[in-house]
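Survey of secondary and tertiary structure
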Amino acid sequence: MKFIVNDREPVYIQIIRNVKQKIVTGELQKGDRMPSRREMAVNINVNPNTVQKAYKEMEEMGIINTIKNNQSTITEDDNLIRQIRIDLINEAADVFIEQMKAINVPIEEIKEIISKKYI
C-alpha cells in the first residue's frame, strides 16, 4: 500500500483517506487483509505508532475489523462502503466549491468547466 505523505495534514488521516479511496475504487475488496501495522509503517516510512493510530480510528469507524492478534480485514458492510464513497465525494466537492467561491467563479461557469474537463 503506497502513497506519498504530505505535510499539510496528519499522516494518520492520510492513511485513513488512502484506505477509504482504495476501498471505493475496488483496489481493496471486502474481506481483504490489511498489511500488518509494522509492515505498513515500513512501506510508507512512518512511525508504527502513527499507523496504529490510523488502524485504531478505522476500527472505530468500522472500516476494518481486527479479531484478537490476527491481521485486520476490510469491512464487508456494503452500506458502510457506500457511505464512505458518498463522504469522499462530498469532501472533494466541498473543497472544490470553497475554492471556486473564493475566486468568485459563477456556478454556470463551473458547470461548463466540469462538463469540458470531466471526460
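Here the structure is a predicted model, which is why all the values come from computation and not from measurement. (Residues numbered from 1 in each chain as written. Predicted model: local features only at pLDDT ≥ 70, side-chain atom pairs only at ≥ 80, totals over all residues. Heavy atoms only, no water.)

A word on the overall build of the protein chain. A tally of helices and strands in the protein chain yields 5 helices and 2 strands. When the helices and strands of the protein chain are read in sequence order from the N terminus, they spell out α-α-α-β-β-α-α. Against the compact-globule benchmark of 14 Å for 119 residues, the protein chain has a radius of gyration of 17 Å, which places it well outside the compact range. Across its three principal directions, the C-alpha atoms of the protein chain cover 55 × 30 × 25 Å. The buried share of the protein chain, taken over its 119 residues, is 28%. (Helix = DSSP H or I, 4+ residues; strand = E, 2+ residues; numbered from the N terminus. Rg over C-alpha atoms; globule rule 2.2 N^0.38 Å. Buried < 20%, exposed > 50% of the residue type's maximum accessible area, 1.4 Å probe, protein only.)

A separate point is the environment of V51. Locating V51 in the fold gives a position in helix α3 (residues 48–61). Here V51 falls in the buried class, since its relative accessible area comes to 0%. Along the sequence, V51 and R8 sit 43 residues apart, while their C-alpha atoms lie 17 Å from each other. Not counting residues within four places of it along the chain, the set of residues in contact with V51 comprises I15, R37, M40, A41 and V46. (Contact = heavy atoms within 4.5 Å.)

Glancing now at helix α2 (residues 37–44). Where α2 is concerned, the buried positions are M40, A41 and I44. Each buried residue of α2 sits inside an arc of 100° when the element is viewed along its axis, so together they form one side. For α2, the exposed residues lying more than 90 degrees away from the buried face are R38 and V42. On its buried face, α2 is in contact with α1 (11–25) and α3. (Arc of directions from axis to C-beta.)

Turning our eyes to something else, we now look at the UniProt feature "domain: HTH gntR-type" (unreviewed entry) in the protein chain. Summarizing the sequence annotation, UniProt attributes the feature "domain: HTH gntR-type" (unreviewed entry) to residues 9–77 in the numbering used throughout. Overall, residues 9–77 shows 54% helix and 6% strand. The separation of its end C-alpha atoms is 28 Å. (UniProt positions renumbered as here; feature names shortened; annotations may be inferred.)

Moving on, we come to the pattern of salt bridges. Applying the stated criterion across every chain yields a total of 7 salt bridges. The partner of K22 in a salt bridge is E27, with the nearest N and O atoms 3.3 Å apart. E27 gets classed as exposed once you look at its relative accessible area, which sits at 54%. Its salt-bridge partner being K116, residue E112 comes within 3.2 Å of it at the nearest N-O pair. Of this pair, E112 and K116 both sit in helix α5 (residues 107–117), 4 residues apart, roughly one helical turn. We classify K116 as exposed; its relative accessible area is 56%. (Salt bridge = Lys/Arg side-chain N within 4 Å of Asp/Glu carboxyl O.)

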